[in-house]
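Report on the structure
Single-letter residue listing:
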Amino acid sequence: MAAVAAWLPFARAAAIGWVPIAANPMPAPPLQERQKGEDEKLGINVSGRRFETWRNTLEKYPDTLLGSPERDFFYDDETKEYFFDRDPDIFRHILNFYRTGKLHYPKSECISAYDEELAFFGIMPDIIGDCCYEDYKDRKRENAERLMDDQVSEAGDTVQPMTLREKMWRAFEDPHTSTLALVFYYVTGFFIAVSVMANVVETVPCGPKPGKTENLPCGERYALAFFCLDTACVMIFTAEYLLRLFAAPNRCLFMRSVMSIIDVVAILPYYIGLGITDNDDVSGAFVTLRVFRVFRIFKFSRHSQGLRILGYTLKSCASELGFLLFSLTMAIIIFATVMFYAEKNVASTKFTSIPAAFWYTIVTMTTLGYGDMVPDTWAGKIVGGICSLSGVLVIALPVPVIVSNFSRIYHQNQRADKRKAQKQARLARIRIAKNASGAHFINKKKKEQDREDKIKQGIDIEEEPKDSRFESQHHHLLRCLENTTGPDLHARYIKDREFVEMEYTYNGLAAPKAQSSPPTPSPSQSSQGNPVESSCCSRRRGKYQFARSVSDTGQELNDIQIAVPNKTSSKTHLNASEPPKINSTNTTVTTSAIITTPTPGTTSDTEESMMTVSTTTSPGNSNIVRISTL
Amino acid sequence: MPVENEIDDLEMQVMRYKPEGIDELVRNTKFTKKELQIMYRGFKQECPTGLVNEDAFKEIYAQFFPQGDSSAYAHYVFNVFDADHNGTISFEEFVIGLSVLSRGSLNEKLMWAFKLYDINGDGYITKEEMLDIVKAIYDMMGKYADPPISENAPGDHVERVFQKMDKNRDGVVTIDEFMETCKNDENITKSMSVFDTIL
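Residues numbered from 1 in each chain as written. Chains lettered and ligands numbered in written order. Predicted model: local features only at pLDDT ≥ 70, side-chain atom pairs only at ≥ 80, totals over all residues. Heavy atoms only, no water.

**A short note on the state of the cysteines**
All names here are of chain A. We count it as follows: When the sulfur atoms of two cysteines come within 2.5 Å, that pair is taken as a disulfide. Helix numbering and strand numbering both begin at the N terminus, where a helix is a DSSP run of H or I of at least 4 residues and a strand a DSSP run of E of at least 2.
Here the structure, examined in full by the defined rule, presents 1 disulfide over all chains. Residue pairing for Cys 206: its cysteine sulfur links by disulfide to Cys 218, the two sulfurs lying 1.8 Å apart. Here Cys 206 and Cys 218 share a disulfide; its torsion about the S-S bond, 70°, makes the bridge right-handed. Within this pair, whereas Cys 206 is found in strand E5 (residues 205–208), its partner Cys 218 is found in helix H8 (residues 218–221), the two being separated by 12 residues in sequence.

What follows is the structure in C-alpha cells.
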C-alpha cells in the first residue's frame, strides 16, 4: 500500500467524478499542514559504504528498523548520518527492498548471513519476491537439514543410554558403538550370506545318490545337512528378531516397519514348513513358500547403506515410476491391438489374441527381441518397427529423473558421512586453538596482575604496554571471581586458585592435570594449628589470589596484597594442579570469558571440608560458586 | 506458439518515454517545480517506462479500494486522463489532468466531470452512460457495505440525478445543463474543493 502512496493525490483527484451524483455534501478533508522534510534525503553509512535515500522511501515500511524511530538509535550526531556496523553487500539488497518493494535474495550470499541481516533490520523473509523465493527456500531447507543432521549426530554422541534395553537398541541401530554390536553385526551378515548361498546351492544338480541313477539336486541329496543349516540360520534370525523386538522403544512401530516385516517373512516359511506334514496336497504350497526364503537377501539392507538409499530413491521417485509404468501400459495396449489386427489373417500366426500380442510388444519395446514371435505381414512389420522405436523413447524419459534423484540422495549421504568424520578432526583443531588463546589470555592476566602488584609495592617496573581498558576490567572481573570461589586462606598448602590452562575435554568434563598427593590432613592441621595467625593473617597471606571471607568477596585484591610479604608457599602458577579432591567429583565453573576457560574445578567443597574440623564431605556435584564458611 | 510471439513483441516494444522539460510543465500546469519533481519520481517509480497503460492504472486504483471492484471506474477515469486516446497515459497527460482536478477552477473541474460521464464523448450524457458510471462507482463499494447495497440502488440513483439535471426532459444532459445544475447546487460546489491536494 505504501508503495502507491505517491498516487494517492491522483486517486483523490479522480474522486471529483463522484461529486455530481452525490446526494450529500462530501465530508471535509483532513487537515494537512505541509509536512516538514518530507523529501529529505537521509544518509546511511554501512561499514563505510555510504547509501542515501529519501526519507519517504524508508518510511514506506514503518514496521521495520529503518522505517521506524528505531533507526534513531543508530544516528550519529557528528556526521549527521545513520551508522550501521553491518555487511554493506547485503544491505544493498535491503535498501532495494525499500525502493522497489521487492526483496531479492542474492545467490552468492550465505543463507544464514542473509537471514541474520534480515532479522536485524526487521524484515520478514516471506516478503522475498517470487523470482528468488524458491531458491531461498531451497537453500534454507538444505541448511536446516544439515543442522538437524549435525544435531542428531551430536545428540547421538553424547546421550548415554541408560537401561539395558536402550543400550541394546543403540547397539542394533549403530554397530560401531561397541565391539559386541560389531560382532553381532558381522555374525548376522555372515549367516544371511550363508543362508542365501544354501538356498542357491540347494538347487544345483549334485549327481545321483549312491545306488540310484537319478540326478538329484544337492538339496535332496544332502537333505539332512541342508536342513540343519537352515535350522541354524533360522534360529539365529529368530533370536535376532526377538532381541530387536525386545529392545525397540516403540514395539508397535517396530513391528510395522519394513525391515521387521522382511525379517518375519524370511523366517516364516521354515516354521510353516515344520508345521506341515509331508502331505502331497500341501507340499506344492510348501514348495512355493520356500520361494519366500529368498527375501532373506533383503536383510542385507541393514548392512548396506547403498541398498537403503536405493530403496529410498525408488520410494521418492514413486511418481516417476508410476508415470513410466502408465505410459508403457498405454503403449503396450495400443501396439498389441494394432499388431493383433494386422496379423490376424496370417495362417498359424502366433498372435492368437491381444494378450498374446502383449508379450511381443513388451519384448520389442524393451529392445529385447527374443524372436519367438515375429510379424509376417508388411503392415505388422511396419507396426513392429514403430513399436521398437517408440519403446526406446518411452523408457528413456523417466530414467534420468530417477537417476538424478538417486545421485542427489547418495551424495547427500556421502556428504553427511564426510562431515561427521571431519567433525572430530575439526573440533580437535578448534580445541587446540582455543587452548592456545586461552593460555595466552591467562598469561596476559598474570602479567597484568604482577605488574599491578609491583606497582603497589613500589617496585619499579619496566615499561610494558598497558592492557586496554576492556582487558584490564576483564581481568579484574576474573580475579573477583577467583576471589569469590577461592578456598580459605588457612590452607596454605593449597595452590592458588587461578584460571589454569584448559585441561578439559570438549564436553567440559574436568580432567585434572595432576594430582598432588594428598597429605592434606597434615597441612590442614598445621593451618589449623595457627588458627590465630590464619584468621587474622588471612588477609595478609602473601600472594594469595583470593581472600575468603564472606564480607570480603568484593574487596579489592590490591588492598590485600599491600601488607603482605611475598609468601609464595603455594604459589604455583600456570601449572597449578588441582587441589586434591576428597570424595567429590570435580565440578566445572565456566565463566564467560573471552574464551571458554573453565575454571579449575570448584574444589571449594574439598577445601572447605578441609577447613572445618568436622569432615564435611560435601558431595558438591553441581556447585557453581560457594562462599566460604569460615 | 502465440505466447512466445507475444513475449518477443513485448521485448521489442520496451518504449521509453521522456516527458517534456520540467519548465514547460511548470508553465502548463499549476504545480510548482518541486511538486512536479515529487510527482514524477513517484510516477516513474511505479511505471519505469514512463507510460501507464490501462492495466497498471487499474491495478494502482485497486490498491486504494481493496474491498470492491474498481476496474470499471478506473477504466472511465483512464479514458478521461488519456487525452489523445492512444491507450497510455504519459506523464504530461497525468500531470495536466491532476492540475485540473486539484488546482483548477470550478468550471474546469465540472468540465472534467462532464467528460468523465460522457463516455462516448459526443457532448451528451445519456441515461445509459450515467448508469454505467454510477454502477461503476457502486461497484467500488463492494458487497460488504452497511447498509447493504440493493440491486436497484444505481438505477434509482440515476433516476434522481437525471431528474435534477435534465431540465428540458429530452433524455440527455448537455454540458450547459450539467454546469448549470451543478453550479446551482451548493453541496456540489462546496464538495468540489474537498479534493484539492497540497503536495
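Still more to cover.
**Details of the UniProt feature "transmembrane region" (unreviewed entry) in chain A**
Here is the rule: UniProt positions are given in the numbering used here, feature names are shortened, and annotations may be inferred rather than shown by experiment.
The UniProt record marks residues 180–201, 221–241, 253–272, 321–342, 354–370 and 382–403 of chain A with the feature "transmembrane region" (unreviewed entry), using the residue numbering of this structure. Within residues 253–272 of chain A, the helical portion is 95% and the strand portion 0%, while the C-alpha atoms at the span's ends are 25 Å from each other.

**Focus on the pairing of strand E1 (residues 41–46) of chain A**
Residues and elements named next belong to chain A. Put simply, the test is: Relative accessibility decides the category of a residue: with a 1.4 Å probe and only protein chains considered, values under 20% of the type maximum give buried, values over 50% give exposed, and everything between is partly exposed. In this description, strands pair whenever DSSP reports at least two bridges between them.
Judged by how many residues are buried, E1 sits mostly within the fold: 5 of 6 residues are covered. Note: E1 against strand E2 (residues 49–54), 6 bridges, orientation antiparallel. Following the sheet pairing, Lys 41 is matched in E2 by Trp 54. Where E1 and strand E4 (residues 81–84) come together, 3 bridges link them in parallel fashion. The residue bridging Val 46 from the neighbouring strand is Phe 84, located in E4.

**Points about the nonpolar core**
Here is a general trend for soluble globular proteins: nonpolar side chains tend to be buried in one another's company. Operational definition: The nonpolar core is taken to be a set of buried Ala, Val, Leu, Ile, Met, Phe, Trp, Tyr and Cys residues, with the residues joined through side-chain atoms within 4.5 Å. By definition, residues are in contact when any of their heavy atoms lie within 4.5 Å.
Counting 60 residues, the largest nonpolar core has Phe10(A) and Phe94(B) as its most contacted members. Dropping the residues within four chain positions of it, Phe94(B) is found in contact with Trp7(A), Phe10(A), Phe43(B), Phe81(B) and Ile89(B). Grouped together as the second largest cluster of nonpolar side chains are 26 residues, Phe51(A), Tyr82(A), Phe84(A) and Tyr114(A) included.

**Observations concerning helix H6 (residues 91–103) of chain B**
Defined as follows: A helix is expected to reach a length of 1.5 Å times the quantity of its residues less one.
Compared with an ideal rise of 1.5 Å per residue, which puts 13 residues at 18 Å, H6(B) spans 17 Å between its outermost C-alpha atoms and is within 8% of the ideal. Summarising burial for H6(B): 10 of the 13 residues are buried, a large majority. If you check which residues of H6(B) are buried, you get Phe91(B), Glu92(B), Glu93(B), Phe94(B), Val95(B), Gly97(B), Leu98(B), Ser99(B), Leu101(B) and Ser102(B). Taken together, the buried residues of H6(B) touch helix H1 (8–14) of chain A together with helix H2 (22–28), helix H3 (33–46), helix H5 (71–81), strand E2 (88–90) and helix H7 (106–117) of chain B.

**Focus: the interface of chain B and chain A**
Bring the parts together and some accessible area is lost; that lost area is often taken as the interface size. Applied cut-off: The quantity reported as buried area is the accessible area (1.4 Å probe) lost by two parts once they are put together, taken as the sum for both. Salt bridge, as used here: a side-chain nitrogen of Lys or Arg that lies within 4 Å of a carboxyl oxygen of Asp or Glu. Distance and chemistry together define a polar contact, namely a pair of N or O atoms within 3.5 Å, with one atom able to donate a hydrogen and the other to accept it when in protein, and with adjacent residues in sequence counting only for side-chain atoms on both sides.
Of the residues lining the interface, 44 residues belong to chain B; the matching set on chain A comes to 32 residues. For the pairing of chain B and chain A, the buried interface totals around 3500 Å² over both sides, and the portion due to carbon and sulfur atoms is 71%. Of all residues in chain B, Phe64(B), Val194(B) and Phe195(B) give up the largest surface area on contact with chain A, accounting jointly for 19% of the area buried on that side. There are 0 salt bridges connecting chain B and chain A. Remark: the boundary between chain B and chain A carries 0 residue pairs in polar contact (both at pLDDT 80 or more). The leading source of residues in the side of chain B that touches chain A is H3(B), at 7 residues.

**Points about the UniProt feature "domain: EF-hand" (unreviewed entry) in chain B**
Residues given the UniProt feature "domain: EF-hand" (unreviewed entry) here are residues 69–104, 105–140 and 153–188 of chain B. Within residues 153–188 of chain B, the helical portion is 72% and the strand portion 8%, while the C-alpha atoms at the span's ends are 20 Å from each other.

**Some points on the packing of H3(B) against H6(B)**
All names here are of chain B. The test is simple: For helices, the fitted axis covers only the stretch in contact; all axes are lines through C-alpha atoms, and the angles between them, taken along N-to-C directions, range from 0 to 180 degrees. Each angle is binned into one of four classes, with values under 35 degrees roughly parallel, values over 145 roughly antiparallel, values of 65 to 115 roughly perpendicular, and all other values oblique. The crossing is said to be left-handed when, going from far helix to near helix, the turn is anticlockwise and less than a right angle, and right-handed when the turn is clockwise. Residues are grouped as follows: Ala, Val, Leu, Ile, Met, Phe, Trp, Tyr, Cys and Pro are nonpolar; Asp, Glu, Lys and Arg are charged; all remaining types, including Gly, are polar.
Direction vectors running N to C along H3 and H6 enclose 125°, while the axes themselves pass 11 Å from each other. It follows from the interaxial angle that H3 and H6 lie oblique. Judged by the sense of rotation from one axis to the other, the crossing of H3 with H6 is right-handed. Contacts between H3 and H6 pair Glu 35, Leu 36, Met 39, Tyr 40 and Phe 43 from the former with Phe 91, Phe 94, Val 95 and Arg 103 from the latter. Of the residues that constitute the contact of H3 with H6, the class distribution is 7 nonpolar, no polar and 2 charged.

**Points about the sheet that holds E4(A)**
The mixed open sheet is built from 4 strands, whose spatial order is E2-E1-E4-E3 (chain A). What marks the edges here is a single partner per strand, and that holds for E2 and strand E3 (75–76) of chain A.

**Let's talk about the packing of helix H4 (residues 54–64) of chain B against H5(B)**
Residue and element names in this part refer to chain B. Direction vectors running N to C along H4 and H5 enclose 125°, while the axes themselves pass 9 Å from each other. In terms of their interaxial angle, H4 and H5 are classed as oblique. In the packing of H4 onto H5, the handedness of the crossing is right-handed. Listed contacts from H5 to Glu 54, Phe 57, Lys 58 and Tyr 61 of H4 are Ser 71, Tyr 73, Ala 74, His 75, Val 77, Phe 78 and Phe 81. Residue classes in the contact of H4 with H5 are distributed as 7 nonpolar, 2 polar and 2 charged.

**Observations regarding the pairing of E5(A)**
The pairing of E5(A) with strand E6 (residues 215–217) of chain A spans 3 bridges and is classified as antiparallel. Note that in E6(A) the partner of Pro205(A) across the bridge is Pro217(A).

**Points about the side chain of Asp82(B)**
Residue and element names in this part refer to chain B. Cut-off, in case you're wondering: Only four residue types enter the tally: Lys and Arg on the positive side, Asp and Glu on the negative side; His and the chain ends are excluded.
As for its position among the elements, Asp 82 is in the loop between H5 and E2. Among buried Asp, Glu, Lys and Arg side chains, Asp 82 stands out as unpaired, with Lys 115 the closest opposite charge at 12 Å. Once you skip the residues sitting within four places of it in the chain, Asp 82 turns out to touch Gly 87, Thr 88, Ile 89 and Glu 93.

**Side note on the packing of aromatic side chains**
Residues and elements named next belong to chain A. Using the following cut-off: Two aromatic rings, drawn from Phe, Tyr or Trp (for Trp, its six-membered ring), form a pair once their centres lie within 6.5 Å of each other, and the interplanar angle then sorts them: stacked below 30 degrees, edge-to-face above 60, tilted otherwise.
Going through the model one piece at a time under the given rule, you end up with 40 aromatic pairs over all chains. Judged by centre distance (5.2 Å) and plane angle (55°), the rings of Phe 91 and Phe 121 are tilted. With Phe 91 in helix H3 (residues 88–100) and Phe 121 in the loop between helix H4 (111–120) and helix H5 (130–158), this pair connects stretches of sequence that are 30 residues apart. For Phe 91, a relative accessible area of 0% puts it in the buried group.

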